[in-house]
Amino acid sequence: MNIENTMNKYFLFLFILITQPLYSQPNPEWVMRYENSSGASVKDMFVDKQGNVYLAGAVISSQKLLIIKYNTSGTEIWSRTLDSVINNDSRKMFIAADDSGQVYVLSPGIIHVQSIAMNRECTRLVKYSSGGKLLWERKYINEDSLFTICKGIVLDDSSNVYAAAETWQEGQSSNYTTLKYNSEGNFKWIRVYDSPSHIYDSPTFLSKDIENNIYITGSNTSTITTVKYNSFGDSLWVLRDNPGFIGLKIIVDDSLNVFVGGNSSVAFNGTTFTLKKFNNARNLIWQKSYNNPTVLRDNNNFSDFTIDKNSNSFITGVSGDTMELAWDYASLRYNGSGDSIWTQKYSPVHNSDDRCASIAVDKLGNCIVTGKSNDNLFGYKYLTIVYAPAGQQRYLLTYNNNFPNGNHEAIKVLTDTSGNIYITGNSQTMGGVNGIATLKYGVLTGLQQTTNFIPDKFELGQNYPNPFNPDTNIKFKISYNSKVKVTVFDILGKEIETLVDKNFSPGEYKVQWNASERSSGIYFYCMFSDGLLISAKSMSFIK
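### Here's the deal with the side chain of Gln428
Within the secondary structure, Gln428 is located in strand S32 (residues 421–428). A polar contact of 3.5 Å, which involves the side chain of Gln428, links it to the backbone oxygen of Gly432.

So, in structure tokens, the structure goes:
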């Protein structure tokens, strides 16, 4: 053996280990499981401004509606069940809460139609108090309808509640149906959209804008159709786009631009997932589609999209690949003009089945994508990927209830105003019974340990780049174990954000600050060790 070569390899390995960036992998602040001997599943999640978490789902074998509320610490405040809910993979449920903590749930229910002496599927809207008391219940179906399918729920600034449904009529035709109730459960109005073809109008999503106008989107025989109503139920416009595009989700930004995401059929090239941006006059501003360029004919299916306050858009979907029998995550970011900022595809091993379900963005500009992955093995796990604002993969977060052979599928990810991350989904027990697992992660600051070398003193570096827009990096050195805090102040000396506040071991570190929600100007940042000020510096943010 050549001892000199062996030692050189050893020192090279040690140098790489010491000097490479070391991201501190976050652990969840809490994990809450809901388990029932009858089995349970979750369909939707909502997080209020206080960080309370609300889940809507079902107790499986008894076909009961299930509603759960956790506080910001993960303590279950209450759970409630309600009889007669239709629970299967094709039926959705929706949950929302107003500023006073009152909870609204839209779910499929059963109603007896007297004129035909039969039970039919209907929409069921229920309201609970913040303490879990059932306040009212409303069911809807037209007398001449075969059945009605839930499609979405939104609340306006006065806690009026709007529900969307797909109503099926005799003759195999369906319509968009939008209903409005006030906060007391009193019926206000109903609007039905029936396209000129009078067949297969299938709504998929309901949204509202800052003026409390209501938007319902979907498709009519593979043509996107979006209807806009004001709060009085007046139809303001109908947007019909080119055939071949099915709208699956709609979001309206503060400038009343309308974003619609969904699937497009492309001749000789399979299916792509697509995002379109329209202005309030219904003019198409831009359209972006994703298909895997390495595959001649490929199927790529839309999963979810979201936008941030600057109208950057983030879209995710599943994508196939050459010589693979499974799906991969594909995620993209566009700026407000539709320019591509980054594209990322995730495939850990060959033939791993990776299916994303939901996407969110936090206040720092991190993009969070969640779903399930099996690494080409038997069981599935929650797989959540966190991408930095520039698109680099920052974290991989997984969860399998210590039961790797079970099925664990995340269905939704949300962030709160503080930047905390919430993930919920369906997760089996060791006995194979379906349960619900909800996780909370704290704010992902982009903290990174750059080296393990022990500095001879504490030091706060100058941020870079400087000036910056909207991200900048701040380096600091720690010479011994200490509780370190790095804080940002505005020009008036008001503390506006804490970037880190935790115990550190010796080393060199870097933290990122995203100022996208701040005004242009001069800011100051300070480093404290065990409560003592180490250093203060200024930086310039220019939009």
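Next, the rest of the story.
### Focus: a nonpolar patch on the surface
On the surface, Ile491, Leu492, Ile522 and Phe524 cluster together into a nonpolar patch covering about 420 Å² of accessible area. Positionally, Ile491 belongs in the loop between strand S37 (482–489) and strand S38 (495–504).

### Concerning the sheet that holds strand S8 (residues 103–113)
For sheets, the rule is that strands pair by backbone hydrogen bonds, running either parallel or antiparallel. In space, the 4 strands of this open sheet follow the order S7-S8-S9-S10, with antiparallel pairing throughout. The open sheet terminates on both sides in strands that have one partner only, identified here as strand S7 (94–97) and strand S10 (134–140). Neighbour to neighbour, the strand axes of the sheet diverge by 35 degrees on average, direction disregarded. Taken together, the 4 bridges between S7 and S8 define a ladder with antiparallel strand orientation. Counterpart to Ala97 in the pairing with S8 is Val103.

### A short note on the nonpolar core
Ranked by internal contacts, the top residues of the largest apolar core, which has 23 residues, are Phe476, Ile478, Val484, Val488, Phe504 and Trp513. Only strand S36 (471–478), S37, S38, strand S39 (507–514), strand S40 (521–529) and strand S41 (532–541) provide two or more residues apiece to this core. In terms of residue count, the dominant contributor to this core is S38 (4 residues). Ignoring sequence-local partners within four residues, the contact set of Trp513 consists of Phe468, Pro470, Asp471, Thr472, Val488, Ile496, Glu497, Leu499, Arg518, Tyr523 and Met539.

### Side note on the layout of surface pockets
Of the voids in this model, the second largest pocket is the one considered here, and its volume is about 450 Å³. Contributing to the lining of the second largest pocket are 20 residues, with Gly442, Val443, Leu444, Thr445 and Leu499 lying nearest its centre. When residues in the lining of the second largest pocket are grouped by element, the largest group, 6 residues, is from S38. Considering only residue class, the lining of the second largest pocket consists of 9 nonpolar, 6 polar and 5 charged.

### Looking at the side chain of Gln512
Mapping Gln512 onto the fold places it in strand S39. By relative accessible area, Gln512 is classed as buried at 14%. With residues up to four places along the chain from it excluded, the contact list for Gln512 reads Pro389, Arg394, Thr445, Gly446, Asp471, Thr472 and Asn473.

### Side note on the pairing of strand S31 (residues 408–415)
As paired strands, S31 and S32 are joined by 7 bridges and run antiparallel to one another. Its bridge partner lying in S32, Val413 is registered against Ile423. Linkage of S31 to S32, two consecutive antiparallel strands, is achieved through a turn of 5 residues, within which Gly419 is found at a positive phi near 100 degrees.

### Structural notes on the pattern of salt bridges
Here the structure, examined in full by the defined rule, presents 20 salt bridges. Its salt-bridge partner being Lys372, residue Glu409 comes within 3.9 Å of it at the nearest N-O pair. Within this pair, whereas Glu409 is found in strand S31, its partner Lys372 is found in strand S28 (residues 367–373), the two being separated by 37 residues in sequence. Salt-bridge contacts for Glu459 lead to Lys477; the nearest nitrogen and oxygen are separated by 3.9 Å. Separated by 18 residues along the polypeptide, Glu459 in strand S35 (residues 459–460) and Lys477 in strand S36 bring together distant segments of the chain. A relative accessible area of 28% places Lys477 in the partly exposed class. Look at the salt bridges and you will find they share partners, linking Lys363, Glu497 and Arg518 into a network.

### What about the confidence of the model for the protein chain?
For residues with low pLDDT, the predicted coordinates do not support detailed interpretation. Per-chain confidence: the protein chain averages 89 in pLDDT, with 92% of residues scoring 70 or above. Counted against residues more than four places away or in other chains, residues 1–23, with its pLDDT under 50, gives 21 contacts.

### A few points about the sheet that holds strand S16 (residues 214–220)
Here 4 strands make up an open sheet; going across it, the order is S15-S16-S17-S18 and the pairing antiparallel. If you trace the sheet from one side to the other, it starts and ends with strand S15 (201–208) and strand S18 (235–243), each paired once. Adjacent strand axes in the sheet meet at a mean angle of 20 degrees, parallel and antiparallel pairs treated alike. Pairing analysis gives 6 bridges linking strand S17 (residues 223–229) to S18, with the strands arranged antiparallel. The partner of Thr223 across the bridge, within S18, is Pro243.

What counts, and at which threshold
- Residues numbered from 1 in each chain as written.
- Predicted model: local features only at pLDDT ≥ 70, side-chain atom pairs only at ≥ 80, totals over all residues.
- Heavy atoms only, no water.
- Helix = DSSP H or I, 4+ residues; strand = E, 2+ residues; numbered from the N terminus.
- Polar contact = N/O pair within 3.5 Å; in protein donor to acceptor, adjacent residues only side chain to side chain.
- Patch = residues over 30% accessible without salt bridge, like charges linked within 9 Å, V, L, I, M, F, W, Y side chains within 5 Å.
- Areas by Shrake-Rupley, 256 points an atom, 1.4 Å probe, with all protein chains shown as cover.
- Salt bridge = Lys/Arg side-chain N within 4 Å of Asp/Glu carboxyl O.
- Pairing = 2+ DSSP bridges.
- Axes fitted to C-alpha atoms, helices over the stretch in contact; angles between N-to-C directions.
- Core = buried A, V, L, I, M, F, W, Y, C linked by side-chain atoms within 4.5 Å.
- Buried < 20%, exposed > 50% of the residue type's maximum accessible area, 1.4 Å probe, protein only.
- Contact = heavy atoms within 4.5 Å.
- 1 Å grid on protein atoms, 1.4 Å probe; cavity = no way out; pocket = protein on both sides within 12 Å on 5 of 7 lines; lining within 4 Å.
- Points joined across faces, edges and corners; volume = space filled by probe spheres on them.
- Nonpolar A, V, L, I, M, F, W, Y, C, P; charged D, E, K, R; others polar.
- pLDDT = per-residue confidence, 0-100.

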